[in-house]
Amino acid sequence: MNTSRPIRAVALAAALVTAAGLTACSGGDDDGKITLSVGLFGDFGFGPLYEEYSELHPEIEFEERIAEFADHHTNLTTHLATGSGAADIEAVEVGYISQYTAQPDRFHNLLDLGADELEGQWLDWKWQQALSADGESLIGLGTDVGGMAMCYRRDLFEAAGLPVERDEVSALWAGSWADYVAVGEQYTADTGGFFFESSGNMFRAMVEQAEEGVYDRENNLIVESNPAIGEAWDLTVDAIEAGMSNRLTAWTPEWNAGFNEGTFATIICPAWMTSYIETNAPDAAGLWDIATVPGGAGNMGGSHLVLPEQGEHAEEAYEFIEWLTAPEQQLKVFEATGNFPSTPELYEDPALTGLSKTYFNEAPVGEIFTAAAQAVQPQYQGPLQGDVLATIGQGLGRIEDGSQSPEDAWSQVLSDLESF
């Protein structure tokens, strides 16, 4: 979910996670064991679950490959085109899933492997995202969803003379994103500080809340013609020109450090972001809190697990991801990492709804993100959704760094999109 790029990437080097004697090779071993390779972008919190599954299935071992977000999806596209190199199981972020549902023959059809009996397990729109256009192929099972909230620094709000309690903070921008920008303008004028980390997250949040985003349902790009895109762009530019942006690039060391150092006061906050803040700001416990997001509900981020057709262990891989995405395991991941479940049977379970996070001033994260997920009105995702959003985000970045005027940046965005 994603500044100038789709959200939830963590720039990590490729890594191996040990689980029950994990080995670095994929496929069948001489001892009769099967190693399933799992390609991810960032840490999904699966490590303990690999170990748990291997205890239940001693014949299964795991090799986890972690890459930076953009590299992961670029590499997956290349591996699919060449017919080799993909992991047995690959994660796909929501901004890219429609790119792959358009080529279902490159993936194992999960409906043929038993998923046809599981449809009701997920939010309907989460299930639909992984279906091919004709509905005949399901390429992935959903992991988390990214219903949005707003994380904010209580200490910085207090220093600016703003309310600090989450209900009062939510009320500051309950009317619209324009209210959020007005609060940010006041904050920046009074403190000289930055209200948010960079403009791309704000822009994407507004777009994700719209009835239509960057594509219509016929897969036509509507960036130039969709009024919601223009309104989001103009308001984001207003915020940049008011000096509200810290102009940080997501997933960089500077961006990471900003959470702990308090160099910005707010950030768009899908559930998975809470763990990222907590990890990168260990000294800021109790200073961060969570309010509602302006503009109503919307989804930012979330993933599916897909099985590339070139994988040699489709049945074993499917059995694992079916287990891994079951409500019980999704709840464990939420408790450990903050990635919010896409399985609505948990949304009335006190084990989920009753969860709070001490780090965020005891914010009731289970309640907050359950409400956020339930309120999402699904938006159609076009075939190059992630790339389109990244291109627009890059245009905003050029305004932030002063290399282009808003008019020139917009013109270049439209020019760049002509090749899509």
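Provided above is the structure to which this section pertains.
Residues numbered from 1 in each chain as written. Predicted model: local features only at pLDDT ≥ 70, side-chain atom pairs only at ≥ 80, totals over all residues. Heavy atoms only, no water.

(A) Representation of the overall build of the protein within the structure. When helices and strands are tallied, the protein shows 17 helices and 10 strands. Since a compact globule built from 420 residues should have a radius of gyration of about 22 Å, the 21 Å found for the protein is in line with a globular shape. Referenced to the eigenvectors of the C-alpha coordinate spread, the extents of the protein come out at roughly 65 × 45 × 35 Å. Just so you have it, the protein exposes about 16,000 Å², and 47% of that area is on carbon and sulfur atoms. Counting 15 positive and 69 negative side-chain charges, the protein places the averaged centre of each group 4 Å from the other. (Helix = DSSP H or I, 4+ residues; strand = E, 2+ residues; numbered from the N terminus. Rg over C-alpha atoms; globule rule 2.2 N^0.38 Å. Areas by Shrake-Rupley, 256 points an atom, 1.4 Å probe, with all protein chains shown as cover. Lys, Arg positive; Asp, Glu negative; His and termini not counted. Charge placed at Lys NZ, Arg CZ, Asp CG, Glu CD.)

(B) A look at the nonpolar core. In terms of nonpolar packing, the biggest core is built from 48 residues, with Trp177, Phe195 and Trp233 touching the most fellow members. With seven residues, the single largest contributor to this core is helix 9 (residues 227–241). Excluding its chain neighbours within four sequence positions, the residues that come into contact with Trp177 are Met150, Met202, Ala205, Met206, Gln209, Leu235, Ile268, Val293, Pro294 and Gly295. Ranked by size, the runner-up nonpolar core spans 44 residues in total, among them Ala86, Val92, Leu131 and Trp323. (Core = buried A, V, L, I, M, F, W, Y, C linked by side-chain atoms within 4.5 Å. Buried < 20%, exposed > 50% of the residue type's maximum accessible area, 1.4 Å probe, protein only. Contact = heavy atoms within 4.5 Å.)

(C) Just the pattern of salt bridges, in detail. Following the criterion strictly, the structure yields nine salt bridges and no others. As a salt-bridge pair, Lys332 and Glu52 come within 2.9 Å of each other at their nearest N and O atoms. Taken together, the residues span a long stretch of sequence, with Lys332 in helix 13 (residues 327–337) and Glu52 in helix 1 (residues 47–56) at a distance of 280 residues. Classification of Lys332 by relative accessible area gives partly exposed; the value is 33%. Residue class for Glu52 comes out partly exposed when judged on its relative accessible area of 27%. A salt bridge links Asp155 to Arg153; the shortest N-O distance between them is 2.8 Å. Here Arg153 falls in the buried class, since its relative accessible area comes to 4%. Salt bridges sharing common partners tie together Arg154, Glu165, Arg166 and Asp289. (Salt bridge = Lys/Arg side-chain N within 4 Å of Asp/Glu carboxyl O.)

(D) Expanded view of helix 8 (residues 199–209). Across the 11 residues of helix 8, 11 count as buried, placing the element largely inside the fold. Here helix 8 has its buried residues at Ser199, Gly200, Asn201, Met202, Phe203, Arg204, Ala205, Met206, Val207, Glu208 and Gln209.

(E) Spatial organisation of the side chain of Asn299. Relative to the elements of secondary structure, Asn299 occurs in strand 9 (residues 299–306). Of the residues examined, Asn299 reaches a relative accessible area of 10% and is grouped as buried. At 3.4 Å, the side chain of Asn299 and the backbone nitrogen of Gly147 are in polar contact. In this structure the side chain of Asn299 is engaged in a polar contact, spanning 2.9 Å, whose partner is the backbone oxygen of Gly301. Not counting residues up to four positions away in its chain, the partners in contact with Asn299 are Trp125, Val145, Gly146, Gly147, Met148, Glu208 and Val376. (Polar contact = N/O pair within 3.5 Å; in protein donor to acceptor, adjacent residues only side chain to side chain.)

(F) Region of interest: helix 10 (residues 253–261). All of the buried residues along helix 10 are Trp255, Asn256, Gly258 and Phe259. Considered in projection along helix 10, the buried side chains sweep an arc of 150 degrees and stay on one side of the axis. Relative to its buried face, helix 10 has exposed residues pointing more than 90 degrees away, namely Pro253, Glu254 and Glu261. (Arc of directions from axis to C-beta.)

(G) Just the state of the cysteines, in detail. One pass over the structure, following the stated rule, counts one disulfide. The side chain of Cys151 participates in a disulfide bridge whose partner is Cys269; the two sulfur atoms lie 2.1 Å from each other. Between Cys151 and Cys269 the sulfur-sulfur dihedral comes to about -55 degrees; the bridge is accordingly left-handed. A residue pair is termed long-range when its members are at least 10 positions apart, and Cys151 in strand 5 (residues 140–153) and Cys269 in strand 7 (residues 264–270) qualify at 118 residues. Residue Cys151 is classed as buried on the basis of its relative accessible area, which comes to 0%. (Disulfide = S-S within 2.5 Å.)

(H) Structural context of the packing of helix 8 against helix 16 (residues 385–400). Where helix 8 contacts helix 16, the axes come no closer than 9 Å and their chain directions differ by 140 degrees. Of the possible angle classes, the one that applies to helix 8 and helix 16 is oblique. Seen along the crossing, helix 8 lies across helix 16 with a hand that is right-handed. Of the residues in helix 16, those in contact with Ser199, Gly200, Phe203, Arg204, Val207 and Glu208 of helix 8 are Leu389, Ile392, Leu396 and Glu400. The residue makeup of the contact of helix 8 with helix 16, split by class, is five nonpolar, two polar and three charged. (Axes fitted to C-alpha atoms, helices over the stretch in contact; angles between N-to-C directions. Parallel < 35°, antiparallel > 145°, perpendicular 65-115°, else oblique. Left-handed = near helix turned anticlockwise from the far one by under 90°. Nonpolar A, V, L, I, M, F, W, Y, C, P; charged D, E, K, R; others polar.)

(I) Seen up close, the packing of aromatic side chains. A full pass over the atoms with the stated rule returns 36 aromatic pairs. When the centroid spacing of 5.1 Å and the interplanar angle of 55 degrees are considered together, the rings of Tyr53 and Trp323 count as tilted. Placement of Tyr53 in helix 1 and of Trp323 in helix 12 (residues 314–324) is noted, with a sequence separation of 270 residues between them. Both residues of the pair, Tyr53 and Trp323, count as buried. Considering the side-chain rings of Phe157 and Tyr187, the 6.5 Å spacing of their centres and the 35 degrees angle between planes classify their relative orientation as tilted. With a gap of 30 residues between them, Phe157 in helix 5 (residues 154–159) and Tyr187 in helix 7 (residues 177–191) connect regions that are remote in the sequence. By the burial criterion, Phe157 is buried, and Tyr187 matches it. Pairwise contacts between aromatic rings join Phe41, Phe44, Phe46, Tyr50, Tyr53, Phe62, Phe69, Tyr96, Phe320 and Trp323 into one cluster. (Phe/Tyr/Trp six-rings, centres within 6.5 Å; stacked < 30°, edge-to-face > 60°.)

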